[in-house]
Amino acid sequence: MMFAATMAGILVAMVLALLRGLLGPTVYDRILALNTFGTITVLAIAILGFLMGRPDFLDIALLYALINFVGTIAILKYLRYGDLSASSPDADGSKR
């Protein structure tokens, strides 16, 4: 019973994150919604692994969390600089 309530709450949070991703007024709202959806997915994988007695699911959840984080940073860098290989300017405005 508790598993059903937990998963229902997670699914509601996923739907709300998807709605924010579709209706977000700015691109940054959409990116944040995508990151939130990924974080909720990590939580769902971890809970599923705990309830099924499969501790290796936690490793999968951690790997997915790292991919989610790196992907979000890459998307934000691409939106800011237009190139993933661009280096950020120093405080004085010059390139490194």
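Conventions and cut-offs
Residues numbered from 1 in each chain as written. Predicted model: local features only at pLDDT ≥ 70, side-chain atom pairs only at ≥ 80, totals over all residues. Heavy atoms only, no water. Helix = DSSP H or I, 4+ residues; strand = E, 2+ residues; numbered from the N terminus. Rg over C-alpha atoms; globule rule 2.2 N^0.38 Å. Buried < 20%, exposed > 50% of the residue type's maximum accessible area, 1.4 Å probe, protein only. Contact = heavy atoms within 4.5 Å. Areas by Shrake-Rupley, 256 points an atom, 1.4 Å probe, with all protein chains shown as cover. Axes fitted to C-alpha atoms, helices over the stretch in contact; angles between N-to-C directions. Parallel < 35°, antiparallel > 145°, perpendicular 65-115°, else oblique. Salt bridge = Lys/Arg side-chain N within 4 Å of Asp/Glu carboxyl O. Patch = residues over 30% accessible without salt bridge, like charges linked within 9 Å, V, L, I, M, F, W, Y side chains within 5 Å. Core = buried A, V, L, I, M, F, W, Y, C linked by side-chain atoms within 4.5 Å. Expected span 1.5 Å × (residues − 1).

Caption draft 1: Geometry of the overall build of the protein. The helix and strand inventory of the protein stands at three helices and zero strands. Ordered by position from N to C terminus, the α and β elements of the protein give α-α-α. The C-alpha radius of gyration computed for the protein amounts to 17 Å, which surpasses the reference 12 Å derived for 96 residues by more than 25%, pointing to a less compact arrangement than a globule. Each principal axis of the C-alpha distribution contributes one length, and for the protein these read about 60 × 30 × 20 Å. Within the protein, buried positions represent 20% of all 96 residues. In the protein, once contacts between residues fewer than 6 apart in sequence are set aside, the share between residues at least 24 apart is 42%. Here the protein has roughly 7000 Å² of accessible surface; of this, 73% comes from carbon and sulfur atoms.

Caption draft 2: How the structure looks around the environment of Leu48. Within the secondary structure, Leu48 sits in helix H2 (residues 27–52). Leu48 gets classed as partly exposed once you look at its relative accessible area, which sits at 31%. The sequence separation of Leu48 and Leu58 amounts to 10 residues, and the corresponding C-alpha distance is 9.2 Å.

Caption draft 3: Highlighting the packing of H2 against helix H3 (residues 56–81). One can describe the packing of H2 onto H3 by two numbers: an axis separation of 8 Å at closest approach and a directional angle of 175°. Regarding the angle of H2 to H3, the classification is roughly antiparallel.

Caption draft 4: Highlighting the pattern of salt bridges. Overall, the coordinates contain one salt bridge when judged by the stated rule. Across the salt bridge formed by Arg54 and Asp56, the nearest N and O atoms sit 3.2 Å from each other. Given a relative accessible area of 37%, Arg54 falls into the partly exposed group.

Caption draft 5: The arrangement of a nonpolar patch on the surface in detail. A cluster of nonpolar side chains, namely Val27, Tyr28, Leu34, Phe69, Val70, Ile73, Ile75, Leu76, Tyr78, Leu79 and Leu84, defines an oily patch on the protein surface of about 1000 Å² accessible area. Breaking the nonpolar patch down by element, the ones donating at least two residues are H2 and H3. No other element matches the seven residues that H3 contributes to the nonpolar patch. Along the chain, Leu79 turns up in helix H3.

Caption draft 6: Focus on the nonpolar core. Judged by nonpolar contacts, Met7, Ile10, Met14, Ile40, Ala44 and Ile47 together constitute the single largest core of six residues. Apart from the residues lying within four places of it in its own chain, the contact partners of Ala44 are Met7 and Ile10.

Caption draft 7: The arrangement of H2 in detail. Taking 1.5 Å per residue as the helical rise, H2 with its 26 residues ought to reach 38 Å, and the 37 Å between its terminal C-alpha atoms agrees with that figure. Turning to H2, its buried residues number three or more, namely Ile31, Ala33, Gly38, Ile40, Thr41, Val42, Ala44, Ile47 and Gly49. Turning to H2, the residues buried within the fold contact helix H1 (2–23) and H3.

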